[in-house]
Each structure stands twice: as C-alpha cells, then as structure tokens.
Amino acid sequence: MAGRWMDLGMYNAQGVRGADALGIAIERMVTGIASPVDSERGLAARLNYLTKTDAGYEAMDRAGIHVSPRTLMAWLAEERTPNKANRSRLDAAYWDLRRRNVAADLKKRLNRDGRGTRIEINPVDQTRVEGKRQRDISSRSVNVRGVWDRAVDAWMNDDIDELDAIWDDIIEDLGSEYDAYSNVSSIGWAA
C-alpha cells in the first residue's frame with residue numbers, strides 16, 4: 001500500500017484506505033430487493049430468488065441454511081416462517097448470489113469495451129485538521145482501464161490485498177502526488 005498517511009487520523013483527517021473505498025463503490029453498484037427480510041414480501045422474494053437455480057441452493061448452503069426439503073417447502077408456501085437466524089442466513093445467501101450474478105455485468109460496464117471508466121477520487125476530509133497540518137489536495141478524475149476484471153474478482157473474494165494492489169495501480173496514474181490519495185473520503189463514477 002502506498003501511503004505516507006499510514007496513521008490516518010493522527011491529526012483528525014477523516015477517510016478510508018483507497019482499496020476499501022474501491023470495494024465500497026463496487027458494492028454500491030449491486031442492487032436488489034429493497035424490502036427487508038423480516039417482511040413477508042422481502043422473505044418471499046428472497047426465497048423465490050434462491051430456489052430458482054442450483055446456484056441459489058449453493059448460496060444457501062454457503063450461508064449455513066441446512067433444512068429439510070419439507071421445511072423449505074413450508075417456507076415457500078408461507079405455512080411456516082424461518083426463525084430469526086435463518087432469516088439472517090437467507091438474506092446473506094440472497095446477497096451472495098446477487099453479487100455473483102451481477103459480477104459479469106459489472107466487469108462489462110466498468111471495462112466499456114476497453115475504454116475503461118472515469119472515476120473521481122475525493123481526498124480525505126481535512127476539515128478537522130489544524131490549518132498548519134492540512135495538505136493542499138484536490139479531487140482528481142482519472143480514466144481507469146485494464147484493472148476492472150481483477151477489481152471485481154477481488155471484491156467478490158473479499159481480497160483486500162488485491163484491491164490494495166489495484167488501488168496502487170490506479171493512483172500511480174496521478175503522477176508525483178499519487179501518495180496523497182492512498183487514503184480518500186470516497187470515490188465515485190458514472191458506470
């Protein structure tokens with residue numbers, strides 16, 4: 001990881017590691033069922049989504065849902081309601097499957113046929129930093145190419161080390177000030 005700001009916050013600067021901001025930004029692109037799992041509609045929608053494919057059953061298995069077919073059928077028929085722990089597992093399984101299902105689309109959207117995606121990098125928030133300790137850092141915009149397949153795969157696998165290496169590749173394009181963007185307040189894009 002790049003960064004002279006290894007101790008971010010020492011002087012009250014607010015932000016996150018660039019790798020974390022990259023993962024958060026990718027995660028925000030994943031949309032799904034808005035109704036909470038505790039509502040009838042939210043539970044039914046998740047069960048329906050998870051039981052349509054083998055991948056859904058695999059997601060439930062990864063989430064630790066191990067119930068009999070009879071119990072699952074009762075849930076689907078709304079004759080029984082899963083307990084709180086199983087509702088939480090169903091929600092985790094749903095989002096796991098949703099992430100897997102949209103990964104290919106995310107790669108396509110971010111790569112844009114080799115043109116890449118323009119991102120805006122917002123520097124750390126220094127409003128609480130004493131004036132003499134503030135650094136003159138502005139928001140930067142850069143077109144990013146060639147890393148999106150790796151970035152989405154790293155996000156899918158929760159591989160923060162790979163996201164960190166990718167972030168270093170991205171900020172190297174900023175020139176001599178790249179190190180000032182190892183920590184940021186946020187990143188954004190229109191992908």
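To be clear, the structure that these remarks concern was listed above.
A. Focus on the nonpolar core. Of all hydrophobic cores here, the largest spans 34 residues; its most connected members are L22, I121 and W189. Contributing elements (two or more residues each) for this core: α1 (18-28), α5 (84-111), β2 (117-123), β3 (140-144), α6 (148-156), α7 (160-172) and β4 (183-189). The element that contributes the greatest number of residues to this core is α6, accounting for 6 residues. The residues touching W189, leaving out its near neighbours within four places in the chain, are L22, A25, I26, M29, L110, T117, R118, I119 and W148. The next biggest cluster of nonpolar side chains, apart from the first, holds 13 residues, and it includes A59, I65, W75 and L97.

B. Just helix α4 (residues 69-76), in detail. Within α4, the full set of buried residues consists of T71, L72, A74 and W75. Down the axis of α4, the smallest arc covering the buried residues is 160°, so these residues share one side. Relative to its buried face, α4 has exposed residues pointing more than 90 degrees away, namely P69, R70 and M73.

C. Looking closely at the packing of aromatic side chains. Applying the stated criterion across every chain, the model contains 3 aromatic pairs. Ring plane angle 65° and centroid distance 5.1 Å describe the contact between Y49 and Y94, whose orientation is recorded as edge-to-face. Taken as a pair, Y49 in helix α2 (residues 40-50) and Y94 in helix α5 lie far apart in primary sequence, 45 residues in all. Both rings, one in Y94 and one in W95, keep their centres 4.9 Å apart while their planes meet at 75°; by these two values the pair is edge-to-face. Judged by its relative accessible area of 2%, Y94 is buried. Among the aromatic residues, ring-to-ring pairing joins Y49, Y94 and W95 into one connected group. A cation sits over an aromatic face here: R46 above Y94, 5.4 Å from the ring centre.

D. Molecular detail of the pattern of salt bridges. Evaluation of the coordinates by the stated rule reveals 11 salt bridges. With a closest N to O distance of 3.2 Å, R99 and E27 form a salt bridge. Taken together, the positions of R99 in helix α5 and E27 in helix α1 put the pair 72 residues apart, joining distant regions of the chain. On the basis of relative accessibility, which here comes to 13%, the residue R99 falls in the buried class. The exposure class of E27 is partly exposed, given its relative accessible area of 32%. The salt bridge partner of D91 is R46, with a shortest N-O separation of 2.7 Å. Separated by 45 residues along the polypeptide, D91 in helix α5 and R46 in helix α2 bring together distant segments of the chain. The class for D91 is partly exposed, based on a relative accessible area of 22%. Because the salt bridges share partners, they merge into one network encompassing E27, R99 and D158.

E. The arrangement of the packing of α2 against α5 in detail. Between α2 and α5, whose axes approach to 10 Å, the crossing angle comes to 50°. Overall, the two elements α2 and α5 adopt an arrangement that is oblique. The element α2 and its partner α5 pack so that their crossing is left-handed. Counted together, L43, R46, L47, Y49 and L50 of α2 and R87, L90, D91, A93, Y94, W95, L97, R98 and N101 of α5 form the full contact between these two elements. Per-class residue counts for the contact of α2 with α5 are 9 nonpolar, 1 polar and 4 charged.

F. Layout of the sheet that holds β4. Taken in spatial order, the 4 strands line up as β1-β4-β2-β3 in an open sheet, and their pairing is antiparallel. Looking along the sheet, the strands with just one partner apiece sit at the ends: β1 (16-17) and β3. Bridging between β2 and β4 involves 5 bridges; their strand directions are antiparallel. Residue pairing for β4: P123 is matched across the bridge by V184. Packed on one face of the sheet, α7 meets β1, β2, β3 and β4 and runs near 95° to β2.

Parameters and conventions
Residues numbered from 1 in each chain as written. Predicted model: local features only at pLDDT ≥ 70, side-chain atom pairs only at ≥ 80, totals over all residues. Heavy atoms only, no water. Core = buried A, V, L, I, M, F, W, Y, C linked by side-chain atoms within 4.5 Å. Buried < 20%, exposed > 50% of the residue type's maximum accessible area, 1.4 Å probe, protein only. Helix = DSSP H or I, 4+ residues; strand = E, 2+ residues; numbered from the N terminus. Contact = heavy atoms within 4.5 Å. Arc of directions from axis to C-beta. Phe/Tyr/Trp six-rings, centres within 6.5 Å; stacked < 30°, edge-to-face > 60°. Lys NZ or Arg CZ within 6 Å of the ring centre and 35° of its normal. Salt bridge = Lys/Arg side-chain N within 4 Å of Asp/Glu carboxyl O. Axes fitted to C-alpha atoms, helices over the stretch in contact; angles between N-to-C directions. Parallel < 35°, antiparallel > 145°, perpendicular 65-115°, else oblique. Left-handed = near helix turned anticlockwise from the far one by under 90°. Nonpolar A, V, L, I, M, F, W, Y, C, P; charged D, E, K, R; others polar. Pairing = 2+ DSSP bridges.

These results come straight from atomic positions and should not be treated as a statement about function.
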